[in-house]
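Okay, here's what each chain looks like letter by letter:
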Amino acid sequence: MDLCSPRAAAVATSLLAVTALAGCGSSNANTPASATSSSSSSASTSSSPSAAGADLGVAKTSVGQVVVNGSQMTVYVFTKDKPGSDSSSCTGECLVAWPPLTTTAETPTVEGVTGTVGTITQQDGSKQVTLNGSPLYLFAKDTKPGDVNGQGVGKVWYVVDPAGAMQTGTSGGY
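Numbering of residues starts from 1 in every chain and runs along the sequence as written. Residues qualify for local features only when their pLDDT is at least 70, as the model is predicted, and side-chain atom pairs are given and counted only at 80 or more; totals for whole chains, interfaces and linings, by contrast, use all residues. Excluded from the side-chain calculation are hydrogens and water; included are all heavy atoms of the structure.

A. Geometry of the packing of aromatic side chains. Only the six-membered ring of Trp is used, alongside the rings of Phe and Tyr, when aromatic pairs are assigned; centres must lie within 6.5 Å, and planes under 30 degrees apart are stacked while those over 60 apart are edge-to-face, with the rest tilted. Across all of its chains, the model carries seven aromatic pairs by this definition. A centroid spacing of 6.3 Å and a plane angle of 75° characterise the contact between Tyr76 and Phe139, whose relative ring orientation is edge-to-face. Here the residue Tyr76 occupies a position in strand β3 (residues 76-78), and Phe139 occupies one in the loop between β7 (134-135) and β8 (157-160), the gap between them amounting to 63 residues. Look at Phe78 and Trp157: their rings are 4.1 Å apart centre to centre, the planes differ by 10°, and that puts the pair in the stacked class. Secondary structure follows DSSP: runs of H or I at least 4 residues long count as helices, runs of E at least 2 residues long count as strands, and numbering of each begins at the N terminus.

Rendered as C-alpha cells:
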C-alpha cells in the first residue's frame, strides 16, 4: 500500500481515534486524567505482574521501593493528616492536585505491602485507602509509572515504603 495514499491516511487517522477513545473509556478514578492515556512503563519501574490487580503494590523508583496503586502510579502521604483519625486534611483544591486513592473493595488487596492497609470514608461516600492509618493520595503531575514528582512537594507530601514508613528523601519534587 502506498503510505502517502488517502486510504493509508484514513487508516492512520482511524487508528489514532480508536487509541484516543480507548483512553477516554477508562473508569479508573484513582488515576489522574493525564495518566490514563499513558500505557508505557518507565524503565526504572519494576513490580510483579500480578500487582496490577491489587489496590496497592510495590515498585522501584528513583527514590527506592515505594508503594504504588494498581496502575503502578506512586502513592503519597500528607503530613497534615493525622494517622488513625479516619479523616483527610486534603480538601477542595488540594484534591485536584492530590486525588485520593480510592477503592470499591471491602478490603483493599495488596501485594508486597507489609504495612496495615485499611480505608476511611470520604464525605462523598467513597472509600479512601489508608496505610498504617494514613490516607493515601496520587499526584496529578505524575504522568507515568515510576514518576515521583510529588516527593517532597511543599515539604508535606512524601512517598511511603512497603512497610508504610514515610520516605523524606527529595529526589523527586520541584
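B. Main features of the nonpolar core. To form a nonpolar core, buried Ala, Val, Leu, Ile, Met, Phe, Trp, Tyr and Cys residues must be joined to one another through side-chain atoms within 4.5 Å. Relative accessible area decides the class of each residue, using a 1.4 Å probe on protein chains only: under 20% of the type maximum gives buried, over 50% gives exposed, and in between gives partly exposed. In this structure, Tyr76, Phe78, Cys90, Trp98, Tyr137 and Trp157 are the most contacted members of the largest nonpolar core, which totals 14 residues. Only β2 (64-69), β3 and β8 provide two or more residues apiece to this core. Two residues form a contact once any of their heavy atoms are found within 4.5 Å. Sequence-distant contacts of Cys90, that is, excluding residues within four places in its chain, are made with Phe78, Asp81, Leu95, Trp98, Tyr137 and Trp157.

C. Structural detail: the pattern of salt bridges. What counts as a salt bridge is simple: a side-chain nitrogen of Lys or Arg found within 4 Å of a carboxyl oxygen of Asp or Glu. With the rule as written, the count across this model stands at two salt bridges. Lys127 is the salt-bridge partner of Glu106, the closest N and O atoms lying 3.1 Å from each other. Taken together, the positions of Glu106 in the loop between β4 (102-103) and β5 (117-121) and Lys127 in strand β6 (residues 127-131) put the pair 21 residues apart, joining distant regions of the chain. Taking relative accessible area as the criterion, Glu106 reaches 67% and is therefore assigned exposed. The closest approach of N and O atoms between Lys144 and Asp147, which form a salt bridge, is 3.0 Å. Asp147 sits in the buried class, given a relative accessible area of 10%.

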